Every structure is written in structure tokens, then in C-alpha cells.
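Observations on the three-dimensional arrangement
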Amino acid sequence: MNVTNLLKIALRALANNKLRAFLTMLGIIIGVASVITMLAIGQGSKKSIQTQIAEMGSNMIMIHPGAEMRGGVRQDPSAMQTLKLDDFKSLQDETNFLSAVSPNVSSSGQLINGANNYPSSVTGVSPEYLEIRQLSIENGTMFTNADIQSSAKVCVIGKTIVDNLFPDGSDPIGKVIRFNKIPFKVVGVLKSKGYNSMGMDQDDVVLAPYTTVMKRLLAVTYLQGIFASALTEDMTDNATEEITAILRKNHKLKESDDDDFTIRSQQELSTMLNTTTDLMTTLLACIAGISLVVGGIGIMNIMYVSVTERTREIGLRMSVGARGIDILSQFLIEAILISITGGIIGILIGIGASFAVKNIAHWPIYIQSWSVLLSFAVCTITGVFFGWYPAQKASNLDPIDAIRYE
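Residues numbered from 1 in each chain as written. Predicted model: local features only at pLDDT ≥ 70, side-chain atom pairs only at ≥ 80, totals over all residues. Heavy atoms only, no water.

A word on the environment of His 64
By secondary structure assignment, the location of His 64 is in strand S1 (residues 60–65). Classification of His 64 as partly exposed rests on a relative accessible area of 32%. Between the C-alpha atoms of His 64 and Thr 275, which are 211 residues apart in sequence, the distance is 24 Å. Other than its neighbours up to four places away in sequence, His 64 contacts Leu 83, Gln 224, Phe 261 and Thr 262. (Helix = DSSP H or I, 4+ residues; strand = E, 2+ residues; numbered from the N terminus. Buried < 20%, exposed > 50% of the residue type's maximum accessible area, 1.4 Å probe, protein only. Contact = heavy atoms within 4.5 Å.)

As C-alpha cells, this is what we get:
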């Protein structure tokens, strides 16, 4: 018997039991839709994190004072004062793998402009900080190295600060705002970057010369951190090794001494976050994949019922010349049709559910073609795997016993 006739018989059998066929498909539909939706959410989160890290500077390196904390042990306050301006200048002059270096010091307080005030912080940096963090000036200019040398009371502010201190829409350039009673002249406004993937407002920022923050706000001689940028992302490891060697030499550390500073790179952060999101995506996909297994068991159960119901039909067909392979193919085609049809419906529902999540919950999604193909392949294999045994049982029936079956 040719494949066309077998296909017609299988379709006729499914059409005679539409509701049962649909309920059998339901497990496959839910499984495929769940897998596609979960993978889309997981991959969307991963892509969003990668985009945010790229916007922050994928080759950014952060140096903090104090050794890396282990076991939550709190360090002595003096251990958090190990980075000095000499370290910053050494990194500026001696490195071969860094394109930009900037000190980092910060003070929290209240920003005031007339009757408007807003709680925030002023971060002391050098002009190279814009390149490191991939920031750009929308209006006005960045403060200069001359402002750093003179500890000038000037600042560059983000859009959130503008919206809260200048709600009337007036131009902030040239205006004076106060921070903890100290006046700062606004010389520039940063281009808006919005919120990052961790929900932090990247426009809630006030940048000032690091010397101004150190002398006029904090009255300290040490740095809270140093930000740097490797020449390329591939050179991040080389830059990290170079920074370590320079700082250890500056701090006169022996070979047996631990580092009294901690270096973190965006590459390291990206790898860690990608590993976490991959693990979560795999976990979600495995949970959703359980539905496919349940759907496969449903196919096997219904095919067993179908074989039992049609035992006499099988006996009659075998008595007029149908071979075991014909009976096997008929029931296997039925199982595959159920799984493939359920898979196609599941794919459509999965894609629709993914966009519903994006539009309603505003979660990032990313549907990859391999996830759709994988889901379809798995549901097809599920149909063959779980449909084979009932079909094999049907093909092995004795024709005489089958005809006599009541």
C-alpha cells in the first residue's frame, strides 16, 4: 500500500475522532508553545544585558580599593583608601593597553535650584570618563583639564537632573545649582541613555572635576575607584595584567602579598551574567519541555486506545493482504500527524505568546529560528517515539484473533 493511501486512511481516522485528536494534540501544543516562549524570554534577557553592557563600554575596567572580599568579611577602613592620585597618573603614563583612564570619587547629597531640589550624588571624574562610559554631551561642553587643575566648581548633568531642577524647561547651561551649599555652574548636559537592564536610571548623574569633589566636598586625598578602558575588548585581559603589575609596584607589595585592590571588567561581568541567564533559560526550557513528554505520553495512550478500538479492522485488512509494515505505517503516520499538527499550532501560539509578553509585561524577548526548529523537531521525534510501540503492537496482531476480537 502506498504512502498516499496510508495518509488518507490516517486522516480519515483522525477526522472521525476530532475532539479526541485535538485533546491529544493539546499536550504537544502547550509544550511547544511553552518552550518557544521561555526561550524567547531567556534569550531576550540575555540580549538586553549584552546591549546594556555594550552601551556602558564592553571594554571598561573598574578598579576599586581593598582586596576582594571573601565570605562577607568586612575590611578595615584603611584598606579602602589604597588608591591614590599617583596610581591614576601611573596608569595614565605607563600603560600600553589602555585608551583612557579616569579617577572616580562620589559624594551624596541634595541638589538645589531655587525652590526645586533633588537627592542625588556628584561624581568626580576626568574628561576621559565620557569615552570610558560611552557618554556624550548634548548641550554645552565638558569641563576641561584646566578646570581640574583649578578645582573649578563646574558640572555636567544628566537629563533626570535637568527635569527635576529645571521643570519649567529653561536652558540649564550657565545656571548655578547648589550641592550641599556649594555652588556648581552647569557647563553641559549629557545625552539621555534611559534605564539600564537592572532598572538603574543612567541619566541621574552629575559629573564634576575629581579635584573639586576631593577637595571641596569630601576633603580626602584618596580615590574611591579608577575607571579605565582597554584599547579593544580582546585586550581586556592584557590591560588587567598590566594594571595589576603597575599598582602592585606602586603599593610596594611583595610577591607573597595579596592585592590591596580589586579589578573588575565588563567582560567578566558580561560572562557572569550570560552564564546566569543561560542557566535560567535552560531551566525554564526543561520545565516547559516536561509538557512535551506529557504530550508524548498522551499520544501513546490514545494510540493504544485506537489500536484496541480498531482491532477487528486491523484483522480484516490483514486478512485481505495488508502487511505488518502497512499496519505499522498507518498508526505511525497517525501519531506523527497528531504531533506535527500540534507542533505547528504550538509554534504559532508560542510566537504569539512571546509578543504578548513583550507588549503587556514589557519584557525583552528574542525569538531565535533554532528554537522554533528545535521545538518542531522535538515534537516530531516525540510523535515517532511514543507512536512506535502502539503501532508495532498493531502490526504484530494475529489476523484471526483480531477478527474474532469483540
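Some words on the UniProt feature "domain: ABC3 transporter permease C-terminal" (unreviewed entry) in the protein chain
When the UniProt feature table is mapped to this numbering, "domain: ABC3 transporter permease C-terminal" (unreviewed entry) covers residues 286–399. Structurally, residues 286–399 is divided into 87% helix and 0% strand, and its ends, taken at the C-alpha atoms, are 43 Å apart. (UniProt positions renumbered as here; feature names shortened; annotations may be inferred.)

Let's talk about the packing of helix H11 (residues 324–361) against helix H12 (residues 369–395)
Running from N to C, H11 and H12 cross one another at 150 degrees; their axes reach a closest spacing of 7 Å. Between H11 and H12, the interaxial angle falls into the category roughly antiparallel. In terms of crossing hand, the pair formed by H11 and H12 is right-handed. Each of Gly 324, Ile 327, Leu 328, Phe 331, Leu 332, Ala 335, Ile 336, Ser 339, Ile 340, Gly 343, Ile 344 and Ile 347 in H11 lies in contact with H12, whose residues at this interface are Val 372, Phe 376, Cys 379, Thr 380, Gly 383, Val 384, Gly 387, Trp 388, Ala 391, Gln 392, Ala 394 and Ser 395. Class assignment of the residues belonging to the contact of H11 with H12 gives a composition of 16 nonpolar, eight polar and no charged. (Axes fitted to C-alpha atoms, helices over the stretch in contact; angles between N-to-C directions. Parallel < 35°, antiparallel > 145°, perpendicular 65-115°, else oblique. Left-handed = near helix turned anticlockwise from the far one by under 90°. Nonpolar A, V, L, I, M, F, W, Y, C, P; charged D, E, K, R; others polar.)

Let's talk about the side chain of Ser 120
Inspection of the secondary structure assignment puts Ser 120 in strand S3 (residues 116–125). If we ignore the near neighbours within four places in the chain, the residues touching Ser 120 are Ser 107, Ser 108, Gly 109, Leu 111, Ile 161, Phe 179 and Asp 204.

As for the UniProt feature "transmembrane region" (unreviewed entry) in the protein chain
Mapped onto the present numbering, the UniProt feature "transmembrane region" (unreviewed entry) falls on residues 20–41, 282–307, 327–357 and 369–389. Along residues 282–307 the backbone is 100% helical and 0% strand, and the end-to-end C-alpha distance reaches 37 Å. Secondary structure over residues 327–357 splits into 100% helix and 0% strand, and the C-alpha atoms at its two ends are 44 Å apart.

Focus: the pattern of salt bridges
Under the criterion given, the structure shown has three salt bridges. For Lys 249, the salt bridge goes to Glu 94, with nearest N and O atoms at 3.2 Å. Taken together, the residues span a long stretch of sequence, with Lys 249 in helix H8 (residues 236–250) and Glu 94 in helix H3 (residues 85–94) at a distance of 155 residues. Relative accessible area serves as the criterion here: at 53%, Lys 249 is assigned to the exposed category. Asp 259 serves as the salt-bridge partner of Arg 248, at 2.5 Å between the closest nitrogen and oxygen. (Salt bridge = Lys/Arg side-chain N within 4 Å of Asp/Glu carboxyl O.)

Considering the packing of helix H1 (residues 3–16) against H11
The N-to-C vectors of H1 and H11 enclose an angle of 55 degrees; their axes lie 9 Å apart at closest approach. Taken together, the axes of H1 and H11 are oblique relative to one another. Relative to H11, the crossing made by H1 is right-handed. Residues Leu 6, Leu 7, Ile 9, Ala 10, Leu 11, Ala 13 and Leu 14 of H1 touch H11, and the partners they reach there are Asp 326, Ser 329, Gln 330, Ile 333, Glu 334, Leu 337 and Ile 338. Split by residue class, the contact of H1 with H11 holds 10 nonpolar, two polar and two charged.

Things to note about the pairing of S1
Along S1, five of the six residues are buried, which leaves the element largely enclosed by surrounding structure. Taken together, the four bridges between S1 and strand S9 (residues 225–230) define a ladder with antiparallel strand orientation. Within S9, the residue paired with Met 62 across the bridge is Phe 227. Examined bridge by bridge, S1 and strand S10 (residues 261–265) share five bridges and lie antiparallel to one another. Residue pairing in the sheet places His 64 in a bridge with Thr 262 of S10. (Pairing = 2+ DSSP bridges.)

Side note on a nonpolar patch on the surface
On the surface, a nonpolar cluster with roughly 470 Å² of combined accessible area is contributed by Leu 19, Phe 22, Leu 23, Leu 26 and Ile 30. Tracing the backbone through its elements, the reader meets Phe 22 in helix H2 (residues 18–57). By relative accessible area, which is 41% here, Phe 22 ends up partly exposed. (Patch = residues over 30% accessible without salt bridge, like charges linked within 9 Å, V, L, I, M, F, W, Y side chains within 5 Å. Areas by Shrake-Rupley, 256 points an atom, 1.4 Å probe, with all protein chains shown as cover.)

With respect to unusual backbone geometry
With phi around 55 degrees, Gln 134 is a residue other than glycine that occupies positive phi space. Mapped onto the secondary structure, Gln 134 falls in the loop between helix H4 (129–133) and strand S4 (137–140). One non-glycine residue, Ala 219, lies in the positive phi region at around 55 degrees. Structurally, Ala 219 can be placed in the loop between helix H7 (210–218) and S9.

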